[in-house]
Amino acid sequence: MSTPTSLEALIEALRCLPGVGPKSAQRMAYHLLQHDRSGAARLGEAVGRALQALQHCQRCNNFAESEICERCASPRRDPTVLCVVESPVDMNMMEQTHAFQGLYYVLMGRISPLDGCGPRELGLERLLARAQDGVVKEVVLATNFTNEGEATAHYITALLKPSGVSVTRIARGVPVGGELEYVDSGTLAQALRERRVCQT
Amino acid sequence: MQRQRADAQPAFVLHTTPFRETSLIVEAFTRDFGRIALLARGARRPRSAIRGLLMAFQPLELGWAGKGEVLTLMKAEWQGGQPLLTGQALFCGYYLNELLLHLLPREDAHERLFERYREILARLGADPTGKVREADLRCFEKALLQELGYGLTLDHDNAGRAITATAHYHYRMEQGPVLLSHAGEAEGAVLGRTLLDLGAEDFSEPRTLAEAKQLMRSLMAYYLSGKELETRKIFKELQEL
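Thresholds, definitions, all that
- Residues numbered from 1 in each chain as written.
- Chains lettered and ligands numbered in written order.
- Predicted model: local features only at pLDDT ≥ 70, side-chain atom pairs only at ≥ 80, totals over all residues.
- Heavy atoms only, no water.
- Helix = DSSP H or I, 4+ residues; strand = E, 2+ residues; numbered from the N terminus.
- Expected span 1.5 Å × (residues − 1).
- Buried < 20%, exposed > 50% of the residue type's maximum accessible area, 1.4 Å probe, protein only.
- pLDDT = per-residue confidence, 0-100.
- Pairing = 2+ DSSP bridges.
- Salt bridge = Lys/Arg side-chain N within 4 Å of Asp/Glu carboxyl O.

(A) How the structure looks around helix H3 (residues 134-148) of chain B. Residues and elements named next belong to chain B. For H3, built from 15 residues, the straight-helix expectation of 21 Å at 1.5 Å per residue is met to within 8% by its first-to-last C-alpha distance of 21 Å. Taking burial as the measure, the 15 residues of H3 include 13 buried ones, the bulk of the element. Two residues or fewer past H3, Gly149 is found with a positive phi of approximately 90°.

(B) Looking closely at the confidence of the model for chain B. Across chain B, the average pLDDT comes to 89, with 98% of residues at or above 70. Across the interfaces of the predicted complex, the ipTM metric reaches 0.87, alongside a pTM of 0.88.

(C) The pairing of strand S3 (residues 34-40) of chain B, seen in detail. Residue and element names in this part refer to chain B. For S3, the buried fraction is high: seven of the seven residues fall into the buried class. Across seven bridges, strand S2 (residues 23-30) lies against S3 in antiparallel orientation. Bridging across to S3, Phe29 finds its partner in Arg35. Here S2 hands over to S3 after three residues, the two strands then running antiparallel side by side.

(D) A look at the pairing of strand S5 (residues 70-78) of chain B. Residues and elements named next belong to chain B. Judged from the three bridges that link them, S3 and S5 form a sheet pairing that is parallel. Bridging across to S5, Leu38 finds its partner in Leu71. In terms of strand pairing, strand S4 (residues 60-66) meets S5 through six bridges, oriented antiparallel. Directly across from Leu60, in S5, lies its bridge partner Trp78. What sits between the antiparallel neighbours S4 and S5 is a turn of three residues, in which Gly68 has the positive phi angle 95°.

(E) Spatial organisation of the pattern of salt bridges. With the rule as written, the count across this model stands at 27 salt bridges over all chains. Linking Arg77 of chain A and Glu95 of chain A is a salt bridge whose minimum nitrogen-to-oxygen distance equals 2.9 Å. Here Glu95 of chain A lies in helix H5 (residues 88-96) and Arg77 of chain A lies in the loop between helix H4 (70-73) and strand S3 (78-85), a separation of 18 residues in the sequence. When the shortest N-O distance is used, the salt bridge between Asp157 of chain B and Arg161 of chain B registers 3.1 Å. Taking the relative accessible area as the measure of exposure, Asp157 of chain B reaches 3% and is therefore buried. The network of salt bridges with shared partners includes Glu27, Arg35, Glu69 and Arg106 of chain B.

The following block contains the structure:
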């Protein structure tokens, strides 16, 4: 007996998730249908609702339910500092530090020339418009310390320079609580190159 | 198919692409084996020892084993000494990598080109302003064509006469320089001096640099058979800012 078409379609659909191959997709589909039908209904509804309700916040470009997300609308945040990150996950990490009170701009990607992702694909002109709203005084670049993150940071710096806002880059080096013995050589070498004068 | 094994092979990563949930496919340029594709298992796991190591433009030593088109990466060690590329230099690095990815066939050793690549990266990294040295790019393009067997004819024209510094030439693909009666006779005409300087890798003359750039661009476009380079597009946008 062949698998019914709707079951096949469900298995195929589940495969779009990261790390889910044909075997796990099949297991998930049978689990949903056999043991957790209400869970399956919830899942279906939640996906549909999220797809419909979520849009990109007009100010930070992150996912939001309204045109302007709660964080961007909050009067407690400092609107003069704008932190640029690659992804929503990066933004969450920055928030966890409790060290940043400003606003964000989420790029939803990075410049990666060899993958065919350039400034145009990234929609950097929206960031330019956002940074030039007259309120933002400093843009903090918190893109990753990979070649792609650096390329993105360089491009944004060149893009924002004529507008007169100050552009800064987060520092890199030995992690907090890091013992030199266990730090990787690349990080240590870069920390050494970017050493700074001690002040008393 | 023969089983391959290599250990502590000097190499650079040209490009990586995610593979499955936690792995990477690494396109590497190695000294003794040329361009190869390696599967780095688990390289994207948060605590992987080689996460963050398989970065382009950094000298590495790689070890691998396996057979077929994609080999398995067994070991990667950071060699150091090369500062991370920044600014414009970074985009230049991408340009070199894109050329190698498009033009260099897999598993063809090019030791001299590898050394050239290493030297240019060192020079690009050494300048903290990240300024591009056009001359370096031209030398690399020339070396690349030479290694691929498309070496340029720069000391005599297609009729076998020595190049005259003050005469005008049109570089015809796969034939070499053709003497022109005047500069306007063909598009992209270059001065004999440019050809001679390019041969001697002397770029002190601004006109040489400008003409060599145009000449190399048309040669690259020819050998890339119409493929447009992403890095060039981005570089152009960057310069228009």
